[in-house]
Amino acid sequence: MSASSLDTLVSALSSQDVPCERTARSAFAETLADHLRAPAVGVPLDDLGASLADADVTVDPTPARLKAAQTGVTPASFAIADYGSVVIPDSSAGTELASLFVDRHVAVVDARDVVPGREAAFDRFGEAFRERGDSGIVATGPSATADMGELVRGAHGPSEVHVIVLEDDDE
């Protein structure tokens, strides 16, 4: 991932009114705290080298806690810089639920997993589909519809999306 891809991602997210914060892994808990609105649910971030252990986030929530949640915190498999999109993986841990059934979704992605555009994303998708049978959601900004006139955010998912990009502490 080049620095320009990360800059492109931040710019594309900004154009969609999606806050994006770059942070060192060691500062993740503090950064995440600024984006949480309680109650919060989440999915383990182990593959990203981050943890929700020090955050006020319920991991493996019950259906009742998921229904009551204001914020969902999930890993993103990767981000597509040109589109300002994050790819939310399907998982048995409930990643889709924690990203779609909340008012605020906080997606966490590794800076090394930011691809520049559609071709790189298709290459990445193809590998995941062929080798592991993976699936996922390509999320671009908050859910919105104008089907009935005025633009309404949160009609089919979160009305707010926040992205945290994890960087190595020496970057």
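Residues numbered from 1 in each chain as written. Predicted model: local features only at pLDDT ≥ 70, side-chain atom pairs only at ≥ 80, totals over all residues. Heavy atoms only, no water.

1. Topic: the overall build of the protein
Counted only if it meets this: Labels follow the DSSP assignment, with helices taken as runs of H or I lasting at least four residues and strands as runs of E lasting at least two, numbered in each case from the N terminus. All radius of gyration figures rest on C-alpha atoms, and the globule criterion is 2.2 Å times the number of residues raised to 0.38. Any two residues whose heavy atoms approach within 4.5 Å are treated as being in contact. A 1.4 Å probe and the Shrake-Rupley method give the accessible areas. Residues count as covered only by the protein chains that appear here. In summary, the charge assignment counts Lys and Arg as positive and Asp and Glu as negative, without counting His or the chain termini. Positions of charges follow a simple convention, taking NZ of Lys, CZ of Arg, CG of Asp or CD of Glu.
Scanning the protein from terminus to terminus reveals five helices and twelve strands. Relative to the globule expectation of 16 Å for 171 residues, the C-alpha radius of gyration of the protein, 15 Å, shows essentially globular dimensions. Viewed in the frame of its principal axes, the protein has a C-alpha envelope of about 40 × 40 × 30 Å. Considering only contacts in the protein between residues 6 or more positions apart, those separated by 24 or more positions represent 71%. Carbon together with sulfur atoms contributes 48% to the accessible area of the protein, which is approximately 8900 Å² in total. The average position of the 12 basic charges and that of the 29 acidic charges among the side chains of the protein differ by 4 Å.

2. Examining the nonpolar core
Here is the rule we go by: Within this scheme, the nonpolar core is defined by two criteria: the residues are buried Ala, Val, Leu, Ile, Met, Phe, Trp, Tyr or Cys, and they are joined through side-chain atoms within 4.5 Å. Buried means the residue's accessible area, taken with a 1.4 Å probe over protein chains only, is under 20% of the maximum for its type, while exposed means over 50%, and partly exposed covers the values in between.
Within the largest apolar cluster, 16 residues are counted, with the highest numbers of intra-cluster contacts made by Leu9, Val86, Val163 and Val165. Here Val163 is in contact with Leu13, Val18, Pro19, Cys20, Glu21, Val86, Ala107 and Val109, once residues within four sequence places are set aside. Counting residues in hydrophobic clusters, the runner-up holds 14 residues, among them Leu32, Leu48, Val73 and Val106.

3. A word on the sheet that holds strand S5 (residues 78–80)
Formally: Here, strands pair whenever DSSP counts at least two bridges between them.
On the basis of which strands lie adjacent, the open sheet formed by four strands has the order S8-S5-S6-S9 and mixed pairing. The outermost strands of the open sheet, each flanked by one partner alone, are strand S8 (114–115) and strand S9 (136–139).

4. A short note on the sheet that holds strand S7 (residues 104–110)
Ordered in space as S1-S12-S7-S4-S2-S3, the six strands form an open sheet in which the pairing is parallel. Looking along the sheet, the strands with just one partner apiece sit at the ends: strand S1 (20–24) and strand S3 (58–59). In the sheet, strand S2 (residues 40–42) pairs with strand S4 (residues 71–75) via three bridges, with the strands oriented parallel. Following the sheet pairing, Ala40 is matched in S4 by Thr71.

5. What to know about the pattern of salt bridges
Two side chains with opposite charge may pair up if their charged atoms get near one another. Just so we agree on the cut-off: Salt bridge, as used here: a side-chain nitrogen of Lys or Arg that lies within 4 Å of a carboxyl oxygen of Asp or Glu.
In the structure shown here, the tally under the stated rule is nine salt bridges. A salt bridge links Glu167 to Arg22; its shortest N-O distance comes to 2.8 Å. One end of the pair, Glu167, is in strand S12 (residues 160–167); the other, Arg22, is in strand S1, with 145 residues separating them in the sequence. Residue classification places Glu167 among the buried positions, given a relative accessible area of 12%. Look at Arg22 and you get partly exposed, because its relative accessible area is 41%.

These figures capture arrangement, not role.
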